[in-house]
Amino acid sequence: MKILLTGGAGYIGSHTAIELINAGYDVIIGDNFSNSKRDVIGRLEEIIKKEIQVYEIDFTNYEEVDKLFSKEEIDAVIHLAGLKAVGESCSIPLEYYRNNIESTINVLNAMKKYKVNNFVFSSSATVYGVPKAVPLKEDMPTSCTNPYGWTKYMNEQILMDVSNANPNLSIVILRYFNPIGAHESGLIGEDPNGIPNNLMPYITQVATGKLPVLSIFGNDYPTKDGTGVRDYIHVVDLAKGHVRAIEYSFKNRGIDIFNLGTGKGYSVLDIVNAFEEANNVKVPYVIADRRAGDIAECYADSSKAEKVLGWHAENDLRKMCKDAWNWQQHCIKLN
Ligand code: WQD
C-alpha cells in the first residue's frame, strides 16, 4: 500500500513517515519545504535504512498535484501540508485561507480523478475554541479564535460535505492536541524557523542558552497554578495514531473524527519542572503578560480513539522531555 504524506518533511509528517514504514507501508513524501529542511529526508533514510520517494511540490498548484497523482499509484493520502502558526495566521489571514483550503481542495479533486478513496486529515484541538468544559470530546461544540483554527474548521466542514456526496470515500479527521518530543534517535524533531512560538522548542532553546529566558504567558488563569494547561502528547504516539487511522480507513467508509491526546492536562510550570528534572538542566523563566488568543485549559478525552482505533498514547511526560532535549542537543550539531 502506497501512502502519500503531504507535508511529510515536517515535524509530525517526518515522524508519521517512520511509523508508516515500520508498519509496512510504502510512503511518498510531498512537501514544498516552506517550513521544513530538505536534509530531514537524509536523516529519515538513516533511521529507516532505505530510500524514501520525495516530491518537492506546492499543493496549492493543481497541475503539480495532478502530475504527482498521474505518476504514482496512490492508495491513500495523509494530508498534513499547511501553514500552522496561530499568531502568524492573524497577521496574514488571506494566505492562511488560500494555502490551507486550496491545498485540501486540490488533493481531494486529484483523489476523485484518480479514484483514491482513503483520506486522513490533520486537524487540531484548536477547533474547539474556548472549551465550555474539559476534557474535550469529539461531539462538543467547535468554534475558533484565529484564522489558522478556522482553516482547520472549514477543512473539516469540506470533508463532511465531500463524504456526504461520495459514500465510497473513507475519511478520518484527527484532532491533535499538543505534540512535543522527538524520535529517540535525536535525528528528527521540532525545528521551527526563527524564534519558536510553541512552548517546548522555546524551553529547549533556553536550556541550551540559545535563548536567555522563558517568558511564561500569564500566571493568573483559573488553573491549578495559574499557568495555561494543555494536553501534551509525544509526537511518536501521535504518529502511531495515523497508522491506526489508515488501517481504520481501509476497513470502513464514511467520515469520523478522533481526538489524539493523552487525556492529561499539564500546566506550563509542570512542563518546566518536568523538563528540568528529566534532563538535570535549569530553565530560567519570568512571568509575562498573557498571550492574545490563549485559552486557560485544554485537554482531550481520547477514549473514542482507544475504543475504535485501538490507539492510546504510551509515552509519559518524562520521556517527552528527555526526547525533546536529546533532539535539541543533536540539532545543535546538525546546524
Ligand atoms: C502552550 C502553553 C502558552 C510559549 C498551539 C496551536 C495549536 C497547535 C499547538 C498546531 C500555553 C504557553 C508558550 C511560550 C508560554 N498547533 N507558552 N511561553 O498555543 O496550546 O497550541 O500549538 O496545530 O493549534 O494553537 O501551544 O506551545 O504555543 O503554548 O508560556 O514561550 O505554553 O501560553 O499556555 P498552544 P503553545
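Our subject is the structure listed above.
Below is a summary of the structure that appears in this document. Everything numeric here is computed off the predicted structure, so don't read it as measured data.

### Some remarks on the overall build of the protein chain
Then, in step 1: Helix and strand counts for the protein chain come out as 11 helices and 14 strands.
Then, in step 2: Seen through its C-alpha atoms, the protein chain measures out along the principal axes to roughly 55 × 45 × 40 Å.
Then, in step 3: Expressed as a percentage of the 335 residues in the protein chain, the buried residues total 55%.
Then, in step 4: For the protein chain, the computed accessible surface area is about 14600 Å², with 50% contributed by carbon and sulfur atoms.
Then, in step 5: Of note, the protein chain has its 34 positive side-chain charges centred 1 Å away from the centre of its 42 negative side-chain charges.

### Let's talk about the pattern of salt bridges
Then, in step 1: Inspection of the entire model under this criterion finds 16 salt bridges.
Then, in step 2: For Arg98, the salt bridge is made with Glu102, and the minimal N-O distance between the two is 3.8 Å. Here the residue Arg98 and the residue Glu102 both occupy positions in helix α5 (residues 93-113), the gap between them amounting to four residues, near one helical turn.
Then, in step 3: Connected through salt bridges with shared partners, the residues Glu95, Arg98 and Glu102 form a single ionic network.

### Quick word on the packing of helix α1 (residues 11-22) against helix α2 (residues 39-48)
Then, in step 1: As a packed pair, α1 and α2 sit with axes 11 Å apart at the nearest point and diverge in direction by 30°. Considered as vectors, α1 and α2 are oriented roughly parallel to each other. The element α1 and its partner α2 pack so that their crossing is right-handed. Contacts between α1 and α2 involve Ser14, Ala17, Ile18 and Ile21 from the first element and Val40, Leu44, Ile47 and Ile48 from the second.

Basis of the calculations
Here the residue numbers are simple positions, counted from 1 along each chain's written sequence. Where totals are concerned, whole chains, interfaces and linings use all residues; where local detail is concerned, this predicted model gives features only for residues with pLDDT of at least 70, and gives and counts side-chain atom pairs only at 80 or more. Each side-chain value is derived from all of the structure's non-hydrogen atoms; neither hydrogens nor water enter the calculation. A run of DSSP states H or I qualifies as a helix once it reaches four residues; a run of E qualifies as a strand once it reaches two. Both are numbered from the N-terminal end. Burial status follows relative accessibility: with a 1.4 Å probe on protein chains alone, a residue under 20% of its type maximum counts as buried, one over 50% as exposed, and anything between as partly exposed. To measure how exposed things are, a 1.4 Å probe is used in the Shrake-Rupley method; for residues, cover is taken only from the protein chains shown. His residues and chain termini do not enter the charge count, which takes Lys and Arg as positive and Asp and Glu as negative. Working definition for charges: the position is that of NZ of Lys, CZ of Arg, CG of Asp or CD of Glu. Think of a salt bridge as a Lys or Arg side-chain nitrogen and an Asp or Glu carboxyl oxygen that are within 4 Å of each other. Whenever a helix is involved, its axis is fitted only over the stretch in contact; in every case the axis is a line through C-alpha atoms, and angles between N-to-C directions fall within 0 to 180 degrees. Should an angle fall under 35 degrees it is taken as roughly parallel, and over 145 as roughly antiparallel, whereas 65 to 115 is taken as roughly perpendicular and any remaining angle as oblique. Note on convention: the crossing is left-handed when the near helix lies turned anticlockwise from the far helix by less than a right angle, right-handed when the turn is clockwise. The contact criterion used throughout is that any non-hydrogen atoms of two residues lie within 4.5 Å.

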